[in-house]
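Understanding the architecture of this molecule
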Amino acid sequence: MTSVHLNVLFVLIDDLRQQLQHGRAQGIGATDLMRTPHLDALAADALVATHAHVQQALCGPSRASILTGRRPETTGVVELEDYFRHMGCAHCVTLPEFFQQHGYFSFGMGKVFHDGAGGGGDYDAQSWNTDFYNPDDPYCSWIDGSGFNPETKSFTCNSWRAVSPAEEAAQPLVDTLTVNAALPRISELTAARTPWFAAVGIRKPHLPFIVPQRFLDMYPAGSVRLAANDFCPWRLPSAAFVTYEVQSYADVRPVWPKHGQATCNATMPDWLARQLRRAYYAAVSHADDEVGRLLKHVREVDAWERTVVAVVGDHGWKLGEHGGHF
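Nothing here was measured: the structure is a model prediction, and the numbers come from that model.

With 18 residues, helix α6 (residues 174–191) should reach 26 Å at 1.5 Å per residue; the first-to-last C-alpha distance of 27 Å fits that figure. Taken together, the buried residues of α6 touch β2 (105–110), β6 (196–202) and α8 (270–300). Immediately beyond the C-terminal end of α6, within one or two residues, lies Arg193, with a positive phi of roughly 60°.

This is the structure we're talking about:
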């Protein structure tokens, strides 16, 4: 009997809270506010891991751990700029590299390894059969410097923004660009009967929460509640309290200034917290829509029954809980 190589679609979503509708059945803190119909439908027909935990709540270390199957103590990656092959994991075989070594065409798009130095500057080129594709965010980016001032380490764009239909038609958002590039590659490889491993990194709901207007319209402003537990626990370790990223954006700095890092319990104004929570929910729905486009395309090219789909998040995200993140 000959073996059948199943394709693999590996989707990695940035900063995704464990707070989706399908989580209700597993009791993992679901809410009626976050609307993710495509992820919900996938979960209804999939194995849902309800006790999966990240190794470290930071993009670079978490992604290095996910993609090598090693703990941060082994990879040596504990900061955003650490590259695992320069640390303690020079000869580690990554997930896409493993499939490449076993007859698959391995390609990656979007945010998979961490950007910049965290991915070795070339998104770990040896993991892929072709050049990695990672588009700059056309609306606000610190990859190419547009929207980011390296001298002040601050953004010239706002922490959130609604993109009109006309703007979106003229200039697609970054995750749309990523998925647009992935679809024809999936078509080509499927038509050629070449087994493929596709790693597609969806950036939203990472800051800034820039989303099409139609997703913001799903969440009326009055429907968004504040975090019930917005104060820091007693003797919270400083490493567990993070707010500096959101304070780097142009609309936040004047109303919640950054002095190195905000002190615990010095929370942002309620009106801004509601705005950001609403924009985050919309960004999650936008990410879900892009995942839905991927899943629909796999069906359309008649590859669904021959494809394993895995959707994971790199870590969660606080929206004011314990005074952190946003």
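Back to the text.
Before going further, it helps to spend a moment on the pattern of salt bridges. In the structure shown here, the tally under the stated rule is 15 salt bridges. Its salt-bridge partner being Asp124, residue Arg85 comes within 2.6 Å of it at the nearest N-O pair. Of this pair, Arg85 sits in the loop between α3 (72–75) and α4 (95–101) while Asp124 sits in the loop between β2 and β3 (148–149), and the two are 39 residues apart along the sequence. Under the relative-accessibility criterion, Arg85 is labelled buried at 10%. A salt bridge links Arg214 to Glu168, with the shortest nitrogen-to-oxygen separation between them at 2.7 Å. Linking Arg214 in helix α7 (residues 213–216) with Glu168 in helix α5 (residues 165–170), this pair joins segments that are 46 residues apart in sequence. A network of salt bridges, in which partner residues are shared, links Asp14, Arg63, Lys111 and Asp314.

Time to look at the packing of aromatic side chains. Remark: the centre distance and the inter-plane angle together describe each pair of aromatic rings, the angle taken between the planes. In this structure the tally under the stated criterion is 14 aromatic pairs. Measuring from centroid to centroid gives 6.2 Å for Phe113 and Trp128, while their planes differ by 80°, and the two rings are edge-to-face. Remark: Trp128 occurs in the loop between β2 and β3 and Phe113 occurs in the loop between β2 and β3; sequence separation between them is 15 residues. Look at Phe113 and you get buried, because its relative accessible area is 2%. Taken together, the ring pairs in this structure connect Tyr83, Phe84, Phe113, Tyr123, Trp128 and Phe132 into an aromatic cluster. Between the NZ or CZ atom of Arg35 and the centre of the ring of Tyr219, over which it lies, the distance is 5.3 Å. One Lys or Arg, Arg299, reaches over the ring of Trp304 and ends 3.8 Å from the middle of that ring.

Leu9 and Leu294 are the most contacted members of the largest nonpolar core, which has 59 residues in total. Listed by contribution, the elements that provide at least two residues to this core are β1 (7–13), α1 (37–44), β2, α6, β6, β7 (209–212), α7 and α8. If sequence neighbours within four positions are ignored, Leu9 has contacts with Trp196, Ala198, Val200, Leu294, Leu295, Val298, Thr307, Val308, Val309 and Ala310. Grouped together as the second largest cluster of nonpolar side chains are 19 residues, Tyr83, Phe84, Phe113 and Tyr123 included.

Helix length check: α8 (31 residues) gives 45 Å between terminal C-alpha atoms against 45 Å at 1.5 Å per residue, within 8%. With 22 of 31 residues buried, α8 lies mostly within the body of the structure. Where α8 ends, the next residue or the one after it, Asp302, has phi of about 60°, a positive value.

Right, let's get into the state of the cysteines. Applying the stated criterion across every chain yields a total of two disulfides. Between the sulfur atoms of Cys89 and its disulfide mate Cys92 the distance is 1.7 Å. Taking the sign of the torsion about the S-S bond as the criterion, the disulfide between Cys89 and Cys92, at about -90°, is left-handed. With respect to class, Cys89 is no different from Cys92; both count as buried. Just so you know, Cys59 is unpaired, no disulfide at all, and the nearest cysteine sulfur is the one on Cys140, 15 Å from it. Residue classification places Cys59 among the buried positions, given a relative accessible area of 7%.

Glancing now at the packing of α6 against α8. The contact between α6 and α8 brings their axes to 10 Å, and the two run at 10°. The orientation of α6 with respect to α8, classified from their angle, is roughly parallel. Judged by residue contacts, Asp175, Thr176, Val179, Asn180, Ala182, Leu183, Ile186 and Ser187 of α6 engage His286, Glu290, Arg293, Leu294 and His297 from α8.

As a further point, take unusual backbone geometry. Following Lys204, the chain continues into Pro205 via a peptide bond in cis, with omega recorded as 20°. Within the secondary structure, Pro205 sits in the loop between β6 and β7. A positive phi angle is found at Arg193, which is not glycine, with a value near 60°. Look at Arg193 and you get exposed, because its relative accessible area is 63%.

Here is what the cut-offs are and how they apply
The residue numbers shown here count from 1 along each chain, following its written sequence. It should be noted that, the model being predicted, local features are given only for residues of pLDDT at least 70 and side-chain atom pairs only at 80 or more, the latter also being counted only at that level, while totals for whole chains, interfaces and linings use all residues. Just so you know, side-chain values use all the structure's heavy atoms and leave hydrogens and water out. The numbering of helices and of strands both runs from the N terminus, where a helix is a DSSP run of H or I of at least 4 residues and a strand a run of E of at least 2. Multiplying 1.5 Å by the residue count of a helix minus one yields the expected span of that helix. Contact criterion: two residues are considered in contact whenever any of their non-hydrogen atoms come within 4.5 Å of each other. For this analysis, a salt bridge means a side-chain nitrogen from Lys or Arg found within 4 Å of a carboxyl oxygen belonging to Asp or Glu. Using a 1.4 Å probe on the protein chains alone, a residue whose accessible area is under 20% of its type maximum counts as buried, one over 50% counts as exposed, and one in between counts as partly exposed. Centres within 6.5 Å are what make two rings of Phe, Tyr or Trp a pair, Trp counting through its six-membered ring; a difference in plane orientation under 30 degrees is then read as stacked, over 60 as edge-to-face, and the rest as tilted. Criterion for a charge above a ring: Lys NZ or Arg CZ within 6 Å of the ring centre, and within 35 degrees of the ring normal. Joining through side-chain atoms within 4.5 Å is the link that ties buried Ala, Val, Leu, Ile, Met, Phe, Trp, Tyr and Cys residues into a set, and such a set is a nonpolar core. Any pair of cysteine sulfurs within 2.5 Å is marked as a disulfide. Note on geometry: axes are C-alpha line fits, over the in-contact stretch for helices, and angles between N-to-C directions span 0 to 180 degrees. An angle counts as roughly parallel when it lies under 35 degrees, as roughly antiparallel when it exceeds 145, as roughly perpendicular when it falls between 65 and 115, and as oblique in every other case.

Everything listed is a geometric property; what it means functionally is a separate question.
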